[in-house]
Each structure stands twice: as C-alpha cells, then as structure tokens.
Amino acid sequence: MHSPIIWHSFFFLLFSILACAFAVAVVVTTNIVRMAFFLVVSLGSTAGLFFLAGADMVGAMQLMIYVGGTLVLLIFGVMLTAQQPFVSMHTPSGEWILAAIVGGSLLAVLLQVAWSVDAWTQGPPLPEAAYTREGTQGNASEALAHDPRFAPSQTATQLGFGLLGERVDQLSVKDPESRAGMSGYLLPFEIVSVHLLVVLVGAAYLARARYRASE
Amino acid sequence: MNLLTQPVGVSHYLVVGAVLFVCGVVCMATKRNALGVLMGIELVLNGANLNFIAFGSHVLNRAGARTLGLDGQLIALFVIVLAAAEAAIALAITLNYYNNQATVDVDHADELRG
Amino acid sequence: MAEYLQTFLPYWAAYLLAALVHAALLIALSLGSGIAFVWAERKVAGRIQDRLGPTRVGGKFGWLQTIADGIKLLTKEDLCPKDADPLLFRVAAYVSFGASYSAFIALPFANGWVAQRMNVAVFFILAVMGIEVFGVILAGYGSGSKWSLFGAMREAAQVVSYEVPLGMCVIVPVMIAGTMDLTTIANMQGGWFWNWFLFHDIFTFLIFWVYFTCATASVNRAPFDLAEAESELVAGFHTEYSGFRWLFFFVAEYGSMFVVSGLAALLFFGGWNGPIPVTAFWPDHPALNYLANFLGMANFVFKAILGVLFMMWVRWTLPRLRIDQVITTCLKYCTPLAAVFFLGATLWTFAFPGGVTGMRGKPLGAAREQYEQPIESETPAVQFDSSPSDQPGEDRVAATSSVRLRPAR
C-alpha cells in the first residue's frame, strides 16, 4: 500500500520538536533573559499545535494573551530586576540531580500513561483515496479537503455560544439527564471577568505600595 | 514506524504535554530566580492545556469516539485567562519583594520562618 | 498548483515546491513593498520639506535609490557589540521580521486569494502583530546599551497599552459582520461604496479614526515612534545594529504598516470591493472572473498603499509626542472613545440593523445570508427544545451548520 507523507503529521513533528526542545532549553539555561526568549518560542510552538488540533480560537488566544501579553509582562519584570547578580543564578548540583530524578520518574509515568490506551495511539485514518497511487495524483485533494485535518476548523462561534450558556455543539443529546452536565459556561465566564478586574486592582495596588515603601 | 506517514493521535499530543509539564516542574524546582519559577509555572499550565485540547479535538480522535468536545477548548481558554491573571499578580509580588529585599532569590525569602 | 507539479515530481517534492513558491511570493511581497515604501517615504518626506528627495540613482526620480541602499547595507560589516548578549542580539531581528511576515498568512488579497483562510483571521493578525514587540524588546536588552534598553522599555509599555483600544476598534466591524473571517467581512461589503462598513453608521465612521491612530502607534510610526526617538535615544532599540540585521527591522516595520493598512482596508473600506462595482456587471466566465479577482487585488493593494502614504504624511507633519503623552493618548482618549463608539455601534445595530443607508434596500441580514449556508434552525435555543427526532446525528449537523459561515459558491 502506498503511504504518502501526511503534512499534518509533518507540521505536528516540527512544532512538537520546537516546543519540547525550547522547553528543555528553558530548564537548562541559567540566563534569565534567554530563558524568557526560549519560553516565548516554546509557547508559540504550542499555539501551532493548538491550530493543528483544530482549536484555532484557542491557538489565537494563546498567541494574543500568553505570548503577546503575559510574556511581555514577564520580560518587563525581568528587565526591571535584571541586575548583574540575578541575571544568571546557579543551582547547586545536588538540587539538579534530585530534580532530574523526580522529573525523570514523572516523565516515565506520564509516557507510560500516554501510550496505554489503544484508541489514542493512532489518529483517524486518511480517506481511502489518499492511499492509492492514483489518489495522490488526482482526486486525493478532493478527498483530503473534507478531512478534518485539512479543512479549516470553525470553533469560534461555538465557543462564543458556550461562554454565553448555549451549547450548540451538544444539541444532539436529547436526554435531559445527560445534558445537565454539559450546560454552558456563563457563570464561570462572569466569575473570571470579575476575577480579572480584582487582579487588575490588586496589581495596581501592589505597584502603588511599592512606591510608598521606597520613599 | 515512520511518524511522517502515520496520522497523529491523542497519544502524540500527550507525550508533548508530558515533556512540557516535566520541564516546568523541574524548572520550578531548580530555579532560584522568582521569575524563573514563574516561567516554570507557565510551562506546566501549557502542558496541561495541550492535554485538554487533545482530549477535546475532533481531529485527533476517531469519528464517533467519546471526546471532551468543546469543553476541552473552553477549559483551555479559562486556563489561559487565569494564567494571565496569575502572572500579573506574581509579577507585582516579585517586584515588591525585590524592592523590599533587593533580591529576587527565592531562597532568601525566609523571614516568616519561626 | 501542487496537483500540476505532481505530474512530473514525487508527491512530497511537489507539495514542498508549491509551498515554497507560495512562501516566496509572500516574502517577495513584503520585501518588495518594503523597498517601494522606503523610496516613497523619502520622496514624500522630501516634498513635504520642500526638497526633491533622491534624484540621482536610476533616473530622474531616483527609482533605484533603495536598491543601491540595500546593496550598501548587504556589504556592511555585521557588528556585535562587546557587551551584547550575542544570541539575543542576533536573533532579535529575525523575531521581528518573522512576526511581521506571519501576519501576511491570514491577510486576504482578493476573494479566495489568501495563504491560509482562517475563521479567526482578524484575531490572528492582531495576535501575531503583538509578537513583533518581542523582537524590539530582545534587541533593546541584547544590545547591552542603555539607549537601546530605554527604547525597548518604552516600546513594550506602548504596544501593550495600545493593544486594548486597537482590539476594541477592530471588534466593531467584526460585530457588524458577525464573523472574524476577513474574506467574509470583505465580501459582505460588496457593491457600491455606501456598503462599506465605514459608512455603516456614524460610529463606525468615527471609530475608524481611532483605529488608525492606534494602528499607527502599534507599528511605532511617528508621532508615536518613541522607541527610536533619535533626538533623545540616538536610534532607540536599533542603535547598535548595522547592515543586514538593521534592514530586517526596517522591512518588518514597513511590512507591519502594510498589514495594519490592509486590515483597515478590509474592515472599513470594503477590501477588494471598489467604490463602483464595475466587475459585478461582467458576464460569468472563468477568465473574466479571474480578471475581476485580479482587479480586486489591485484595488485592495491600492487602498493599503493609500493608508501607508497617509501614515507617511502624518509622520512628516506632526511632531513627536513625549512618552507620557503617548500613554495619555492611549488610556485617557483612545480607550474611552473606542468604548463609547463600540457601545454606540452596538445600540445602532440593534436599532437600525441595516445601517445608515440600509445597504440600499438590501438589509445587512440579507447581505450576510448571501455568504452563509442556508440556515436550517433559526436559533439554537429553539432547536434545543424542539421535539426529538429519530436521527440525532442529522440534528447535530443542522445545528452546526447554522453557526458556520461559508460563502455561497
């Protein structure tokens, strides 16, 4: 059987290698500013992985809030406190060894779990036409266009309805009993908005107290 | 087994999520700079987010399989928003600490020890 | 294109080549527009200051001046200061350019002519443009120079602040259109120029000016170019850069200018839909349709360039603001104005769903439906309580199709 390269898998490999490599780089490097930069690349690649998983809204949110907002804030903090002794702080090697042992065993457990469910180890197969040699030449693009991997995903509207308390993706569930658990997210949404407001006021208050203390 | 010719499943995403999570945990444990610890937290949250997205994705699961559906994406959104709030507060605390103690080394934050 | 290449190339090579060609087209566009805009900037600056601008290289109007400058920059020595962080210093320029270039991915040039059509295109472009500030911050920190660091701090504060009113301004056309897909937004403004969202109601007209102010600030153009204020900071964040890396920052800046102007054209000026719908009366023929699309692209690019020229005019006319004035403009003027106009536009869409001109007898709802699949269920809430059908799967398909926006073929 002819098996073509799946570009979805190719980009998954690319982004996952970027994300993992730069996450490891964040751990290994001692310079705090470089750490921040590696973190940016790692989280940006994670956004790419979100896009590949069909979550385009979440991917864009990740780029906007995480990479564009949170990390700029973080780098701001780094630059405000970046005096020579704090730019690169070394960790005693005993702590490194301990952390490596704990992290390694945690990773082993997580990898074991990740591959223990058979239904998860392989994604949905490509449409039949993609596997024939003629398919790659002619009508494969037709068949692939309807594959969820390559069709543009459209989740923004559903997410918006979900945040307003309507689950337009769960309409097929007729049983009110099982529908009760999948109501919308209006209350959490409101709580989060008030929470953000409180955080904003709190952060502003802390920043004000800072000036008073220094006078 | 060639990864390029094989459709990506949930497990692949879980592996990436696990690596990010472990990197974050190790980062939190080993860094002495308070902002470095904060970066570790961000990595941990992203590893968890990746799992939520993978469990809810219709791209990675076979048709008809039971998935988290939209809930996965919604939870991921809330995690992102809460992470932003957490970073803002943690940064304010760190700056305050830096102003009072003239250091960002978390090992020196032991004034409350009895 | 990939299908054609497959006739004489292996499968993977064909797709790789097709992808490379498309990427090269976009790179050529952003580099080419950079070169053209630098020339235009110098001519505009010259004329405004009662000078001639470049006149020597390449004929009477100095057409080749930028090319000559580019060759000069390429042959310059690539310096890295002693105190700089070598990795961050080198990488910063690429980050800046990469972010600016990525925004072109989601920017449609004509109906269907877009690198990757995205359901959240508006949001994506804003997000990617926000990443550009990283290159500037890294450059400022990595240079190991106090002027650079000052510039970077100003830039970070400015860009993060201006994202708030910018997002609010962009929300208004998105709300009127009911989608974040730029192709659909532009298609909904088809026809005569009074269908443009600029003339939808008084609030959209006013909020466009707020948008353009914030967009100018978010791409660091004068009068908001505090990050490179040459009268106080030498050259700001790119003080230490020379040669090709400096060129990268420059091209990134002009690329972002084109993107925000293009976004303005798509959101407020109808994108590729001209003031007069000439091509709408053409007979339906593949070649003519292609030509119409091509003219649409020319139309869109013309509008975007007009926006860029407007920014240049502003740059050479207005004096630079101080940093506190920049932040005041953002938080005390732009944000409240954007909020008020946003509320006004919301109420207006409730009261007069058709806009001020009623879309000339074509209410906006009809214009929207034209680009939607037929709606099977009116509102999801009604669907939710409707009598159970025997095939839940079919029901689900009907429900999801009501929230999908697709242009009618």
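A brief report on the enclosed structure follows. (Residues numbered from 1 in each chain as written. Chains lettered and ligands numbered in written order. Predicted model: local features only at pLDDT ≥ 70, side-chain atom pairs only at ≥ 80, totals over all residues. Heavy atoms only, no water.)

## A closer look at the overall build of chain A
Definition in use: Per the convention used, a helix needs a DSSP run of H or I reaching at least four residues, while a strand needs a run of E reaching at least two, with both numbered from the N terminus. Three labels apply to residues, based on accessible area from a 1.4 Å probe with only protein chains included: buried if under 20% of the type maximum, exposed if over 50%, partly exposed otherwise in between. What sets the accessible areas is the Shrake-Rupley method with a 1.4 Å probe; for residues, cover comes only from the shown protein chains.
Along chain A, the regular secondary structure elements total eleven helices and zero strands. Moving toward the C terminus, one meets the helices and strands of chain A in the order α-α-α-α-α-α-α-α-α-α-α. When each of the 215 residues of chain A is scored for burial, the buried share is 45%. Summing over all exposed atoms, chain A offers an accessible surface of approximately 10300 Å²; the carbon and sulfur share of this is 68%.

## Thoughts on the overall build of chain B
Inclusion rule: The contact criterion used throughout is that any non-hydrogen atoms of two residues lie within 4.5 Å.
Within chain B one finds three helices and zero strands. When the helices and strands of chain B are listed from N to C terminus, the series reads α-α-α. Every one of the 114 residues in chain B was classed for burial, and the buried ones make up 61%. Counting only contacts in chain B whose residues sit at least 6 apart along the sequence, the fraction spanning at least 24 positions is 53%. Just so you have it, chain B exposes about 4300 Å², and 62% of that area is on carbon and sulfur atoms.

## Overview of the nonpolar core
Selection criterion: Buried Ala, Val, Leu, Ile, Met, Phe, Trp, Tyr and Cys residues that are joined via side-chain atoms within 4.5 Å together make up what is termed a nonpolar core. All the domain ranges listed were derived from an automatic or database domain assignment.
Val58(A), Tyr13(B), Ile125(C) and Tyr211(C) are the most contacted members of the largest nonpolar core, which totals 166 residues. It is helix 5 (residues 121-142) of chain C that provides the largest number of residues to this core, a total of 16 residues. Mapping this core onto the domain boundaries places at least three of its residues in each of domain 1 (12-75) and domain 2 (77-351) of chain C. Dropping the residues within four chain positions of it, Ile125(C) is found in contact with Ala103(C), Ala106(C), Leu107(C), Leu182(C), Val259(C) and Leu263(C).

## Things to note about the packing of aromatic side chains
Residues and elements named next belong to chain C. Cut-off, in case you're wondering: Centre distance within 6.5 Å is the pairing criterion for rings of Phe, Tyr and Trp, where only the six-membered ring of Trp is used; planes under 30 degrees apart are then read as stacked, over 60 as edge-to-face, and the remainder as tilted.
In this structure the tally under the stated criterion is 27 aromatic pairs over all chains. Note on Phe104 and Phe258: the rings are 5.9 Å apart at their centroids and 15° apart in plane angle, and the pair reads as stacked. Of this pair, Phe104 sits in the loop between helix 4 (86-102) and helix 5 while Phe258 is found in helix 10 (residues 243-268), placing the two residues 154 residues apart along the sequence. Classification of Phe258 as buried rests on a relative accessible area of 3%. Both rings, one in Phe208 and one in Phe212, keep their centres 5.7 Å apart while their planes meet at 45°; by these two values the pair is tilted. Of the two residues, Phe208 and Phe212 both sit in helix 8 (residues 202-218), four residues apart, roughly one turn of that helix. In this structure Phe212 comes out as buried when scored by relative accessible area, which is 7%. An aromatic cluster is defined as three or more aromatic residues linked by ring pairs; in this entry it consists of Trp196, Phe205, Phe208, Trp209, Tyr211, Phe212, Phe268, Phe269, Phe310 and Trp313.

## What about the interface of chain B and chain A?
Many authors give the size of an interface as the accessible area that is lost as the parts come together. For clarity, the cut-off: The term buried area means the drop in 1.4 Å probe accessible area that two parts suffer when joined, counted for both and summed. Each reported salt bridge corresponds to a side-chain nitrogen of Lys or Arg within 4 Å of a carboxyl oxygen of Asp or Glu. Pairing of N or O atoms within 3.5 Å defines a polar contact, subject to two protein rules: one partner must be a possible hydrogen donor and the other a possible acceptor, and residues neighboring in sequence count only if both atoms are side-chain atoms. Under this grouping Gly is polar, as are all residues other than the nonpolar Ala, Val, Leu, Ile, Met, Phe, Trp, Tyr, Cys and Pro and the charged Asp, Glu, Lys and Arg.
Taken together, the 75 residues of chain B in the interface contact 86 residues of chain A. With both chains or domains summed, chain B and chain A bury close to 7700 Å², and 75% of this area falls on carbon and sulfur atoms. Where chain B packs against chain A, one counts zero salt bridges. Our count for the chain B to chain A interface comes out at ten residue pairs in polar contact (both at pLDDT 80 or more). Taken together, the elements giving at least two residues each to the side of chain B that touches chain A come down to helix 1 (10-30), helix 2 (34-56) and helix 3 (70-101) of chain B. Per-element tally for the side of chain B that touches chain A: the top contributor is helix 3 of chain B, with 25 residues. Looking at the side of chain B that touches chain A residue by residue, the classes come out as 51 nonpolar, 18 polar and six charged.

## As for the pattern of salt bridges
Residue and element names in this part refer to chain C. Per the counting criterion, the structure on display carries three salt bridges over all chains. In this structure, the salt-bridge partner of Arg322 is Asp324, at a minimum N-O distance of 2.9 Å. Residue Asp324 is classed as partly exposed on the basis of its relative accessible area, which comes to 38%.

## A word on the environment of Gly144(C)
Residue and element names in this part refer to chain C. The topology assignment puts Gly144 in the loop between helix 5 and helix 6 (146-177). Separated by 63 residues in the primary sequence, Gly144 and Pro81 place their C-alpha atoms 7.7 Å from one another. Not counting the four nearest positions on each side in its chain, Gly144 is found in contact with Asp83 and Ala84.

## So, a nonpolar patch on the surface
The test is simple: Patch rule: a residue counts if its relative accessible area is over 30% and it has no salt bridge; like charges are joined within 9 Å, and nonpolar side chains (Val, Leu, Ile, Met, Phe, Trp, Tyr) within 5 Å.
A cluster of nonpolar side chains, contributed by Ile35(C), Phe61(C), Trp63(C), Leu64(C), Ile67(C) and Ile71(C), occupies part of the molecular surface with about 580 Å² of accessible area. Taking the relative accessible area as the measure of exposure, Trp63(C) reaches 52% and is therefore exposed.

## Observations regarding the packing of helix 4 of chain C against helix 10 of chain C
Residue and element names in this part refer to chain C. For clarity, the threshold we go by: Note on geometry: axes are C-alpha line fits, over the in-contact stretch for helices, and angles between N-to-C directions span 0 to 180 degrees. By the definition adopted for this analysis, an angle is roughly parallel if under 35 degrees, roughly antiparallel if over 145, roughly perpendicular if from 65 to 115, and oblique otherwise. Note: crossing handedness is left-handed where the near helix turns anticlockwise from the far helix by less than a right angle, and right-handed where it turns clockwise.
At a closest axis distance of 8 Å, the pairing of helix 4 and helix 10 adopts a crossing angle of 20°. Classified by the interaxial angle, the pair formed by helix 4 and helix 10 is roughly parallel. The crossing of helix 4 and helix 10 is left-handed. Between helix 4, through Arg90, Ala92, Ala93, Tyr94, Ser96, Phe97 and Ser100, and helix 10, the contact on the second element is made entirely by Arg245, Phe248, Phe249, Val251, Ala252, Gly255, Ser256 and Val259. A class-by-class count of the residues in the contact of helix 4 with helix 10 yields nine nonpolar, four polar and two charged.

## A closer look at helix 1 (residues 7-28) of chain A
The test is simple: In this analysis, the expected span of each helix is defined as 1.5 Å times one less than the number of residues it contains.
The terminal C-alpha atoms of helix 1 of chain A lie 31 Å apart, and with 22 residues this matches the ideal 32 Å at 1.5 Å per residue to within 8%. Taken together, the buried positions of helix 1 of chain A are occupied by Trp7(A), His8(A), Ser9(A), Phe12(A), Ser16(A), Ala19(A), Cys20(A), Ala23(A), Ala25(A), Val26(A) and Val27(A).

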